[in-house]
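Understanding the architecture of this molecule
Here is what each chain is made of, one letter per residue.
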Amino acid sequence: MAIKQMTAGTILAVLLLCGCGNPFLLEGVETTPSGSAAEETTVPAGSAEQSAAEPETQQPEQPEPEPEPLPLEGKVVCLDPGHGITSESKSEAVSPLSGETKPAYVSGASGEYQTEEELNLAVAKYVKIRLEKRGATVVMTRETHEAAVSNIERAQIANDAEADLCIRIHADGAEGSSAHGISTLIPAGSLLGTPEIAEPSREAAVCIQNALVKATGAQDRGLVERSDLTGFNWSEVPVVLVEMGFLSNPEEDQKLSTEKYRKQVADGIADGAQEWLAAQPE
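Below or above, wherever it landed, is the structure these notes cover.

What counts, and where the lines are drawn
- Residues numbered from 1 in each chain as written.
- Predicted model: local features only at pLDDT ≥ 70, side-chain atom pairs only at ≥ 80, totals over all residues.
- Heavy atoms only, no water.
- Core = buried A, V, L, I, M, F, W, Y, C linked by side-chain atoms within 4.5 Å.
- Buried < 20%, exposed > 50% of the residue type's maximum accessible area, 1.4 Å probe, protein only.
- Helix = DSSP H or I, 4+ residues; strand = E, 2+ residues; numbered from the N terminus.
- Contact = heavy atoms within 4.5 Å.
- Lys, Arg positive; Asp, Glu negative; His and termini not counted.
- Salt bridge = Lys/Arg side-chain N within 4 Å of Asp/Glu carboxyl O.
- Axes fitted to C-alpha atoms, helices over the stretch in contact; angles between N-to-C directions.
- Parallel < 35°, antiparallel > 145°, perpendicular 65-115°, else oblique.
- Left-handed = near helix turned anticlockwise from the far one by under 90°.
- Nonpolar A, V, L, I, M, F, W, Y, C, P; charged D, E, K, R; others polar.
- 1 Å grid on protein atoms, 1.4 Å probe; cavity = no way out; pocket = protein on both sides within 12 Å on 5 of 7 lines; lining within 4 Å.
- Points joined across faces, edges and corners; volume = space filled by probe spheres on them.

With respect to the nonpolar core
Ranked by internal contacts, the top residues of the largest apolar core, which has 39 residues, are L131, I167, M244 and I269. Counting residues per element, the ones that place at least two in this core are β1 (76-81), α3 (116-133), β4 (137-140), β5 (165-172), β6 (182-187), α5 (198-216), β8 (239-246) and α8 (259-278). Of the residues forming this core, the biggest block, eight residues, is contributed by α8. Here I167 is in contact with V77, C78, L79, D80, I208, V240, V242, I269 and A273, once residues within four sequence places are set aside. Counting 13 residues, the second-largest nonpolar core is a separate cluster that includes A158, A163, L192 and V239.

Here's what the structure looks like:
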C-alpha cells in the first residue's frame, strides 16, 4: 500500500517539475466554469424561448368567397289569392276609362273537397315560400280567408309596391263536369288603364303557363285574353291570372285538394315567374 502511494506521489512530482500545469487538464478539452456566459444552453424544441427567438410565419387570412346572388334578388312579386269571405257588398268601376261597374266582391267556385278562396290562399302561400327562397320580395293582397279586398284594391296593392309582376291565383268552374286543365288569363282591350302592360304580361303568361303544364301534367288550355277584368284594367304593372283547374271536375277537384298537387302547382308558378323575371333588365 505504501509503495502505491509513493508511486502516485512520485508521478505527481514529475508532472509538476515538467511544467505541465494543471495535471487534471486534458489535451483538447476546454473547461468553462459553471454559470459563465460561454456555458452552452440547450432549449427544448417547441418551448416558449424558441418561439420567442424564432416566431412562426403566419399565413395571411384568405377572404371568404362572396355568396352567389339569388336569381330573383331585387325583384318584387305581388301574389293575389282570388276571392275571400265577406258579407260586404259594393260595386266598383271596371276600368279607370269607363263608367261601367261590377260587384267588388264575388264568391269563387267550389267543389266537393274545397272552396276556391281556400285553395287560392293555400297555393299562394306555397308560391310565396318558393319565390322568397329565390330572393324575391313578395307582397300578398290577403293572408286570411276572411277578407274584403276589392279588385281595384288588389290592383292598387301591386301598383303601390311597384311590383315587377302581379300573379292572380284562381281556380275555374263550369256547368258540366268534363271541363279540365290549366289556363292563364292576360290583359287586353281598350279598357286597360295602362296599355303598356299588355305585352310583358303576355310574355310572363307564356312562361308561367308552360311551367305549370310541365310541373302538373295537366291539360294545356293556353292563354286567354280578357278585357272585362277589373284587376287587369286598373293594373299599372304586368299582371296574369292563373286558373289552376276546374273544381267542377271531380278528378281535378280531388287532386287540387292534396298537398302534393298544390305544391306542384306552386312549383310551376314559381318556375315560370322566375324564368320571365330573371330575363328582365334591372
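Still to come is the rest of the account.
Considering the side chain of E252
The residue E252 is located in helix α7 (residues 250-256) in this model. There is no salt bridge for the buried E252, and the closest opposite charge comes from K255, which lies 5.6 Å off by N-O distance. Contact partners of E252, with chain neighbours within four places excluded, come to A179, H180, G181, G245 and F246.

What about the side chain of T230?
Mapping T230 onto the fold places it in helix α6 (residues 230-233). In this structure, T230 is in contact with E92, A93, V94, K102, N151 and I152, ignoring residues within four places of it in sequence.

Focus: the packing of α3 against α8
For the pair α3 and α8, interaxial distance at closest approach is 8 Å and the crossing angle is 50 degrees. It follows that α3 is oblique to α8 by the angle criterion. Taken as a pair, α3 and α8 cross one another with a handedness that is right-handed. Taken together, the residues of α8 that come into contact with α3 (itself represented by E118, L119, A122, V123, Y126, V127, R130 and L131) are E259, R262, K263, V265, A266, D267, I269, A270 and A273. For the contact of α3 with α8, the per-class residue count stands at 11 nonpolar, no polar and six charged.

So, the environment of L131
By the secondary structure assignment, L131 is in helix α3. For L131 and P71, which are 60 residues apart along the polypeptide, the C-alpha to C-alpha distance reads 9.6 Å. Apart from residues no more than four positions distant in its own chain, L131 is found in contact with L72, V77, L79, A136, V138, A270 and A273.

Quick word on empty space enclosed by the protein
Counted by the stated rule, this structure contains one cavity of 30 Å³ or more. Approximately 40 Å³ is the volume found for the largest cavity. With four residues, the top contributor of residues to the lining of the largest cavity is helix α4 (residues 151-160). Split into classes, the residues belonging to the lining of the largest cavity amount to four nonpolar, three polar and three charged.

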